[in-house]
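# A structural walkthrough
So you can see what is in the structure, the chains are spelled out below.
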Amino acid sequence: MPSSSYNFLLSFLFALTASNCAAKNISSSSSPRQLSVDYYAKTCPQLELLVGSVTSQQFKEAPVSGPATIRLFFHDCFVEGCDASILISTTPGSKVLAEKDAEDNQDLRAEGFQTVSKAKALVESRCPGVVSCADILAIAARDYVHLAGGPYYPVKKGRRDGKISMASRVPYNIPRANFTIDQQIKLFNSKGLALQDLVVLSGAHTFGFAHCKQFVSRLYTFRGTNQPDPDMDPRLLKSLRMSCPQLGGNSDIVAPFDVTTPFLFDHAYYGNLEAKLGLLASDQALFSDPRTKPLVLQLGKDKQKFFQAFSAAMEKMGSIGVETGTGQGEKRRESNMQT
């Protein structure tokens, strides 16, 4: 049994399981318009209330739905743009895998997919063939930020759902847990996102969890040194080692990104980086690098500044590669389809 001095993290470790979902597709056309907050004001005015009824219930039943859906939104936007292509299922027997079946997406929680599926079904019952899955995912992500204690920001809508979903396009478009700051900046810049956006959007790790494989190298052989990462608090290191051995172990074990307030959307993430309590190497690097450290310190001291910046950054990310016009995608009747 571990000594009490190392128990501060272990209470937040859980064994988790994953599941899959699949559905069919029915196309629907609509006239082209640009993203706007009131896009569905006439065609589905109750949209946000409908989605909100699903997210609030889902959050009560399974709080992990929050970070799961936000991560789903991130992974969707960074690959083909914010077009819900990550929801598409691979056709049985096909050699071409869809995004959701890419190795980098295997850890995405089922609760994120379930949220969109439930919300889409409810919206279709009231506003058939009107609202895209991409918009529902964007709204649900915002709802969960707010439900967990974060800001409530307006979501611009009018996205159409993408028709292309290929696992082969995922690896070079998703940030890795061991990315250096240079690698993170390059990837974010390729999406039209600036250095500030990188630091601010990383703050989504103020809640949620990561599997051992995402950080185990920091515990034993950081960057090939055969030593643990010197930028990790020794207490955190010992606690994580108890649940994440160098070899073997339970692949379902996870640890919280934020060891202080793991279920709250706040700005504690940044204070944790200053205290060397960042979970991923890519997170802790934000405090080590002189280009990002000043903003980490600012956000760690000012929650409202973080909330305002996060709201703006989510709007910016939510506009990556969006399809808005006729011929640029579709509106699915169900959240998933097959490639």
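In this text the structure is predicted, and so the values were computed from the model without any measurement. (Residues numbered from 1 in each chain as written. Predicted model: local features only at pLDDT ≥ 70, side-chain atom pairs only at ≥ 80, totals over all residues. Heavy atoms only, no water.)

### Things to note about the environment of D107
Assignment of secondary structure puts D107 in the loop between α3 (65-80) and α4 (110-126). Owing to a relative accessible area of 15%, D107 belongs among the buried residues under this scheme. C-alpha of D107 to C-alpha of H211: the two residues are 104 residues apart in sequence and 7.9 Å apart in space. In contact with D107, not counting residues within four places along its chain, are R71, H211, K213 and Q214. A distance of 3.5 Å separates a polar atom in the side chain of D107 from a polar atom in the side chain of K213. (Helix = DSSP H or I, 4+ residues; strand = E, 2+ residues; numbered from the N terminus. Buried < 20%, exposed > 50% of the residue type's maximum accessible area, 1.4 Å probe, protein only. Contact = heavy atoms within 4.5 Å. Polar contact = N/O pair within 3.5 Å; in protein donor to acceptor, adjacent residues only side chain to side chain.)

### Overview of the UniProt feature "binding site: substrate" (unreviewed entry) in the protein
According to UniProt, the positions carrying the feature "binding site: substrate" (unreviewed entry) are P175. Within the secondary structure, P175 sits in the loop between α5 (133-147) and α6 (181-190). Using a relative accessible area of 34% as the deciding quantity, one classes P175 as partly exposed. Those residues within four positions of P175 in sequence are excluded, and the remaining contacts are F78, L187 and F188. (UniProt positions renumbered as here; feature names shortened; annotations may be inferred.)

### Focus: the layout of surface pockets
If you add up the space inside the largest pocket, you get close to 1100 Å³. What lines the largest pocket is a set of 45 residues, among which R71, H75, P175, H205 and L280 lie closest to the centre. Contributing elements (two or more residues each) for the lining of the largest pocket: α3, α6, α7 (195-201), β2 (209-211), α8 (216-220) and α11 (281-288). The biggest single contributor to the lining of the largest pocket is α3, with seven residues. Of the residues belonging to the lining of the largest pocket, the class tally is 27 nonpolar, ten polar and eight charged. (1 Å grid on protein atoms, 1.4 Å probe; cavity = no way out; pocket = protein on both sides within 12 Å on 5 of 7 lines; lining within 4 Å. Points joined across faces, edges and corners; volume = space filled by probe spheres on them. Nonpolar A, V, L, I, M, F, W, Y, C, P; charged D, E, K, R; others polar.)

### With respect to empty space enclosed by the protein
Counted according to the given criterion, the structure contains two cavities of 30 Å³ or more. A volume near 100 Å³ is recorded for the largest cavity. Together, L35, F73, A138, Y153, P154, V155, K156, R159, M314, E315, G318 and S319 line the largest cavity. Tallied by class, residues from the lining of the largest cavity come to seven nonpolar, two polar and three charged. Approximately 40 Å³ is the volume attributed to the second largest cavity. Considering the residues around the second largest cavity, the lining is formed by F59, P63, V64, P67, F207, G208, F209, P262 and F263. Across the lining of the second largest cavity, the residue classes break down as eight nonpolar, one polar and no charged.

### Notes on the state of the cysteines
Counting across every chain of the model gives three disulfides. Disulfide pairing places C44 opposite C127 at an S-S distance of 2.1 Å. Handedness of the C44-C127 disulfide follows from its S-S torsion of about 80°: it is right-handed. Of this pair, C44 sits in the loop between β1 (14-15) and α2 (47-61) while C127 sits in the loop between α4 and α5, and the two are 83 residues apart along the sequence. Accessibility assignment for this pair places C44 and C127 in one class, buried. (Disulfide = S-S within 2.5 Å.)

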